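One letter stands for each residue in the lines below.
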Amino acid sequence: TLGREPLYIRGRYVKLSRSLPQSPWFIDGERKGEGSVEECICGPVTRALGATECKFHAEGREDIDVRMLGAGRTFVVEAKNVRRAAADLAALE
């Protein structure tokens, strides 16, 4: 089986909403909330790069009702099986 090394993208996010969790939130199998920081970042990255999988690694955690202001929180996205490594990443901002 042939594969490619993952592509890692580092960045920072600012979270202004007090109702957006950092990662998808499920309680007793039921989804809470309508999205997450992880989904807001991984969705566009996966589509832009043609990746089969995206893993979101944040530097630290925050509660759902906490905003992330200032310079933001550092994160790394691990995109697997990337088909388009030359995507316009600046357009994702």
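Residues numbered from 1 in each chain as written. Predicted model: local features only at pLDDT ≥ 70, side-chain atom pairs only at ≥ 80, totals over all residues. Heavy atoms only, no water.

Looking at the environment of Ala85
Step number 1: For Ala85, the position within the fold is in the segment after β5 (68–80).
Step number 2: Once the C-alpha coordinates of Ala85 and Gly33 are considered, the two residues, 52 residues apart in sequence, prove to be 32 Å apart. (Helix = DSSP H or I, 4+ residues; strand = E, 2+ residues; numbered from the N terminus.)

Observations concerning the pattern of salt bridges
Step number 1: Across all of its chains, the model carries 5 salt bridges by this definition.
Step number 2: Taking the shortest distance from any N to any O, the salt bridge between Glu62 and Lys15 comes out at 3.9 Å. Of this pair, Glu62 sits in the loop between β4 (53–58) and β5 while Lys15 sits in strand β1 (residues 7–15), placing them 47 residues apart in sequence. As far as the burial class goes, Glu62 and Lys15 line up, both buried.
Step number 3: Of the charged contacts, one joins Glu30 and Lys32 as a salt bridge, the two residues approaching to 3.6 Å between their closest N and O atoms.
Step number 4: Judged by its relative accessible area of 28%, Lys32 is partly exposed.
Step number 5: In the salt-bridge network here, residues are joined through shared partners; they are Lys15, Glu62 and Arg73. (Salt bridge = Lys/Arg side-chain N within 4 Å of Asp/Glu carboxyl O. Buried < 20%, exposed > 50% of the residue type's maximum accessible area, 1.4 Å probe, protein only.)

Quick look at the confidence of the model for the chain
Step number 1: The predicted model of the chain averages 89 in pLDDT, with 97% of residues at 70 or higher.
Step number 2: Within the chain, strand β3 (residues 30–32) has the poorest average pLDDT of any element, 87, and β4 the best, 96. (pLDDT = per-residue confidence, 0-100.)

Thoughts on the state of the cysteines
Working definition of a disulfide: a covalent bond connecting the sulfur atoms of two cysteines.
Step number 1: Going through the model one piece at a time under the given rule, you end up with 1 disulfide.
Step number 2: One disulfide bridge connects Cys42 with Cys54, the sulfur atoms lying 2.5 Å from each other. Its torsion about the S-S bond being -65°, the disulfide of Cys42 and Cys54 is classed as left-handed. Here Cys54 lies in strand β4 and Cys42 lies in helix α1 (residues 37–49), a separation of 12 residues in the sequence. With respect to burial, Cys42 and Cys54 carry one shared label: buried.
Step number 3: Unpaired in this structure, Cys40 has its nearest cysteine sulfur neighbour in Cys42, at a distance of 10 Å. (Disulfide = S-S within 2.5 Å.)

Quick notes on α1
Step number 1: Between its first and last C-alpha atoms α1 spans 19 Å; for 13 residues at 1.5 Å apiece the expected length is 18 Å, and the two agree.
Step number 2: Turning to α1, its buried residues are Val37, Ile41, Cys42, Val45 and Leu49. In an axial view of α1, the angular spread of the buried residues amounts to 90°, which keeps them on one side of the axis. Exposed and oriented more than 90 degrees from the buried face of α1 are Cys40 and Arg47.
Step number 3: Taken together, the buried residues of α1 touch β1, β4 and β5.
Step number 4: With its phi angle positive at about 65°, Gly50 sits one or two positions after the end of α1. (Expected span 1.5 Å × (residues − 1). Arc of directions from axis to C-beta. Contact = heavy atoms within 4.5 Å.)

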